[in-house]
Amino acid sequence: MSLVFAAVTPHPPHLIPTIGKEKTAKLQSTANAFDELEKKLYIAKPDTVIVFSPHGLLLEDTMIMNVNPKFTVNLKEFGDLITAQTYKGAIDVAFRLREAVRGAGFSLNTHSSEELDYGVSIPLLFLMRHLPNATILPISNSLLSAKIHFDFGYEIKEAIMNTNKRVALIASSDLSHRLTSDAPGGFSPAGKKFDEIVLSALQSHNTTALLNLDPRVVHEAASCGWYTLIMLLGALQRVNYELSVLAHESPFGVGYLTAEFALS
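What this report covers is the structure whose coordinates are included nearby. What you see is a predicted model, and the numbers here were worked out from it, not measured in a lab.

1. A look at the overall build of the protein
Each helix and strand in the protein was counted, giving 9 helices and 11 strands. In terms of overall size, the protein behaves like a compact globule, its C-alpha atoms giving a radius of gyration of 17 Å where 264 residues would be expected to give roughly 18 Å. Based on the C-alpha atoms only, the size of the protein along its principal axes is roughly 45 × 45 × 35 Å. Looking at the protein as a whole, 56% of its 264 residues qualify as buried.

Here it is in structure tokens:
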């Protein structure tokens, strides 16, 4: 039927109280942004939520869809044995998208795992609290060029438009991991430069600036969600939208951006 919602979100494990404990309070702006985004997603009433995640199965030369009838949140790698949630898989949508995208010349393969990676789990725990009947489809990026990911995102959008579903797209995307000396990747001046370029380009709808960004800056900034963001921007090519930045903070040296691409 149509694309009804688009957003970029971070996926900080510390946002989960059982993981972050006292550190969770330092992410209040992000928590508030997720609350606002959750309301907007609920109003959009999607049948299916597609999440572009950088932490799913990663292959060098193909994007991967996780196709399963049921998904389960698993945060055990962070010591969380309590948080649990299940979601329905969008198998019908997955195979229609795969055939359409392959027909356009892109490599898109499938695998099946009930356990969701945390790049999918964390956004959905906050965004789908009131959407029990919506199905989900996780898609992970490859290591191909930014331009290929951009064009791939466009073909995903075109395929969405040819389904009878109301579809939401979420790019799970942390920005630089090198903003401070105690950041996961240590400090690099490229970290702040990267985040500033991304924010400025998004706010001015200057996708070309992002596609032409020096790969060395991207690499040095250590952003885990660069390709997922580019995939979302590809999906939004030739779509009218207004960007609404709901939060951008970095209490742990990682850039956490939460923003809605309000469709019109």
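Once you've had a look at it, read on.
2. Some thoughts on the packing of aromatic side chains
Applying the stated rule across the entire model yields 5 aromatic pairs. Between Phe106 and Phe152, the aromatic rings sit 6.3 Å apart at their centres with planes inclined by 65°, giving edge-to-face as the arrangement. Taken as a pair, Phe106 in the loop between helix 3 (91-103) and strand 6 (108-111) and Phe152 in helix 5 (residues 146-161) lie far apart in primary sequence, 46 residues in all. With relative accessibility at 0%, the residue Phe152 sits in the buried group. Ring geometry for Tyr241 and Phe261: centres 5.3 Å apart, planes at 75°, overall edge-to-face. Of this pair, Tyr241 sits in strand 10 (residues 241-249) while Phe261 sits in strand 11 (residues 256-263), and the two are 20 residues apart along the sequence. For the pair Tyr241 and Phe261, a shared accessibility class is recorded, and that class is buried. Note that Lys45 overlies the ring of Tyr42, its terminal NZ or CZ placed 3.5 Å from the centroid.

3. A closer look at the pairing of strand 4 (residues 70-73)
Residues Phe71 and Val73 point to one face of strand 4 and are all buried, whereas Lys70 and Thr72, pointing to the other face, are not buried. Bridge analysis of strand 4 against strand 5 (residues 86-89) gives 3 bridges, and the strand direction is antiparallel. Bridging from a neighbouring strand, Thr72 pairs with Thr86 of strand 5.

4. A closer look at helix 9 (residues 226-235)
Summarising burial for helix 9: 9 of the 10 residues are buried, a large majority. Restricting attention to buried positions, one finds in helix 9 the residues Trp226, Thr228, Leu229, Ile230, Met231, Leu232, Leu233, Gly234 and Ala235.

5. Some points on the pattern of salt bridges
Tallying each qualifying case throughout the model produces 11 salt bridges. Arg98 is the partner of Glu99 in a salt bridge, and the nearest nitrogen-oxygen pair spans 3.3 Å. For Glu99, a relative accessible area of 47% gives the class partly exposed. Its salt-bridge partner being Asp214, residue Arg216 comes within 2.9 Å of it at the nearest N-O pair. Exposure remark for Arg216: the relative accessible area of 65% places this residue in the exposed category. Judged by its relative accessible area of 27%, Asp214 falls in the partly exposed class.

6. Observations regarding the layout of surface pockets
Approximately 320 Å³ is the volume found for the largest pocket. For the largest pocket, the lining is made up of 16 residues, of which Leu143, Val218, Ser223, Trp226 and Tyr227 are closest to its centre. Secondary structure elements with two or more residues in the lining of the largest pocket: helix 8 (215-221) and helix 9. Sorting elements by how many residues they give to the lining of the largest pocket places helix 8 first, with 3 residues. Looking at side-chain class alone, the lining of the largest pocket contains 12 nonpolar, 4 polar and no charged residues. As a volume, the second largest pocket reaches approximately 210 Å³. Lining the second largest pocket are 14 residues, and of these Pro13, His177, Pro184, Val254 and Tyr256 sit closest to its centre.

The rules behind each value
Residues numbered from 1 in each chain as written. Predicted model: local features only at pLDDT ≥ 70, side-chain atom pairs only at ≥ 80, totals over all residues. Heavy atoms only, no water. Helix = DSSP H or I, 4+ residues; strand = E, 2+ residues; numbered from the N terminus. Rg over C-alpha atoms; globule rule 2.2 N^0.38 Å. Buried < 20%, exposed > 50% of the residue type's maximum accessible area, 1.4 Å probe, protein only. Phe/Tyr/Trp six-rings, centres within 6.5 Å; stacked < 30°, edge-to-face > 60°. Lys NZ or Arg CZ within 6 Å of the ring centre and 35° of its normal. Pairing = 2+ DSSP bridges. Salt bridge = Lys/Arg side-chain N within 4 Å of Asp/Glu carboxyl O. 1 Å grid on protein atoms, 1.4 Å probe; cavity = no way out; pocket = protein on both sides within 12 Å on 5 of 7 lines; lining within 4 Å. Points joined across faces, edges and corners; volume = space filled by probe spheres on them. Nonpolar A, V, L, I, M, F, W, Y, C, P; charged D, E, K, R; others polar.

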